[in-house]
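Spelled out from the first residue to the last, the chains are:
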Amino acid sequence: MADHFTEIQLPQQRNYNSSLFPSLLSPNPLTTTTTKAAAVPCSVSDLIETIKSQKLFLESLLHKTGAVLFRGFDVKTAEDFNDVIEAFGYEDFPSLGGTALRTQVFGRVFTANESPPDQKIGFHHEMVQALQFPSKLFFFCEVEPASGGETPIVLSHIVYERMRQNYPEFVDKLEEHGLILSRFLGEDDDPSSPIGSSWKSTFSTDDKSVAEERAAKQGNKLEWMERGGVKRIIGPIPAIRYDESRQRKIWFTSVVGWENAGNDPVNRITFGDGTPLPSDICYECLKILEEECAAIPWRKGDVLLIDNLAVLHARRPSKPPRRILASLCK
């Protein structure tokens, strides 16, 4: 790594067994761009070539730490970000079935959740409600927030271990029954909500029969409402999964943090047998997530790579301007 990156440290990182989370990589200041052999990966083209030549190292680092933040590289635009994503060689993941409003910006690059910046978004694995979900996520800071707006991340197995230690009976029931999620999808998009995608946007159709077919392929059931919109019933789905590559259990769910006008924050999620979740334990889980998370302030040009199986992410409120772009990978 010494010839290509410098691993830096920030006070917001977490330390688990002498491993920093997330890993932070910057250009190596000991090398220069005066010769081709000693090129620093500062420019986008140099970074792309370094990613390609050091892919095994980067994938090993991602597997070890769960998230890698690239800082100090000359990534300025959505086009630059798209080129960085392509350099990793990961297949694109279609976001059909997602509940966040997103707009395509360039190539594989979309806006991140477009809800108002003063809203908080709870911790989650991306597309946890789907039978298939992305394995990796990329985020890019195109416009640095005026204040706030961090994307906190937390290791899922740490959350599982703490919940297992503190609430073993609750976790046992989660493992046995899983969860059922019920969400209301309106006729039209609701830009005021973090999960404001209408059923038409969610399933990329205005045909109810097509929406039902696409929902069924994701293991979902739709119940059309007389007042308009649809109740989307998801599950039972696993709340605890096993990470085969790391040989550990993970907290692959979100039990709080997704309230909006059409979804009761307590009753929209139940155990897989239909019984309600104990709200006190759910909010204790939220405390654990906040205690264990790393929330590094965004800087313009940052690129964050997340292993979606290992790490939950969230969003803190911010004051504009703030523009974070994203991409999902298989």
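As recorded in an unreviewed UniProt entry, the protein goes by TauD/TfdA-like domain-containing protein and comes from Acer negundo.

Describe the side chain of Glu126, naming the residues involved and giving the relevant values.
Within the secondary structure layout, Glu126 lies in the loop between strand E8 (121–124) and strand E9 (136–143). Classification of Glu126 as buried rests on a relative accessible area of 9%. In this structure Glu126 touches Arg102, Phe133, Pro134, Leu137, Asn308, His313 and Leu328, once residues within four positions along its chain are discounted.

Give me the pairing of strand E21 (residues 323–329): which residues, what numbers.
In summary, the side chains of a regular strand alternate between the two faces of the sheet. For E21, a buried count of six out of seven residues is recorded, marking the element as mostly surrounded by other parts of the structure. The pairing of strand E7 (residues 109–111) with E21 spans two bridges and is antiparallel. Across the sheet, Thr111 pairs through a bridge with Leu325, a residue of E21.

How would you summarise the packing of helix H4 (residues 156–166) against helix H5 (residues 168–177) if you had to cite specific residues and measurements?
Across the interface, H4 lies against H5 with an axial gap of 5 Å and an inter-helix angle of 120 degrees. Between H4 and H5, the interaxial angle falls into the category oblique. Residues Tyr160, Met163, Arg164, Gln165 and Asn166 of H4 touch H5, and the partners they reach there are Pro168, Phe170, Val171, Asp172 and Glu175. Broken down by class, the residue content of the contact of H4 with H5 amounts to five nonpolar, two polar and three charged.

So, how was this worked out
- Counting from 1, residues in each chain are numbered in the order their sequence is written.
- Local features in a predicted model are, by the rule used here, given only for residues with pLDDT of at least 70; side-chain atom pairs are given and counted only at 80 or more, and totals for whole chains, interfaces and linings are based on all residues.
- As a convention, hydrogens and water are excluded, and side-chain values are obtained from all of the structure's heavy atoms.
- Secondary structure elements follow DSSP: runs of H or I of four or more residues count as helices, runs of E of two or more count as strands, with numbering from the N terminus.
- Residue burial is assigned from relative accessible area. The probe radius is 1.4 Å, only protein chains are included, and a residue is buried under 20% of its type maximum, exposed over 50%, and partly exposed in between.
- Contacts are assigned to residue pairs with any non-hydrogen atoms lying within 4.5 Å of each other.
- When DSSP finds at least two bridges between two strands, those strands are taken to pair.
- Only the contacting stretch of a helix is used when fitting its axis, a line to C-alpha atoms as for every element, and angles between N-to-C directions run 0 to 180 degrees.
- Relative orientations are named as follows: roughly parallel for angles under 35 degrees, roughly antiparallel for angles over 145 degrees, roughly perpendicular for angles from 65 to 115 degrees, and oblique for any other angle.
- In this classification, Asp, Glu, Lys and Arg are treated as charged, Ala, Val, Leu, Ile, Met, Phe, Trp, Tyr, Cys and Pro as nonpolar, and every other residue, Gly included, as polar.

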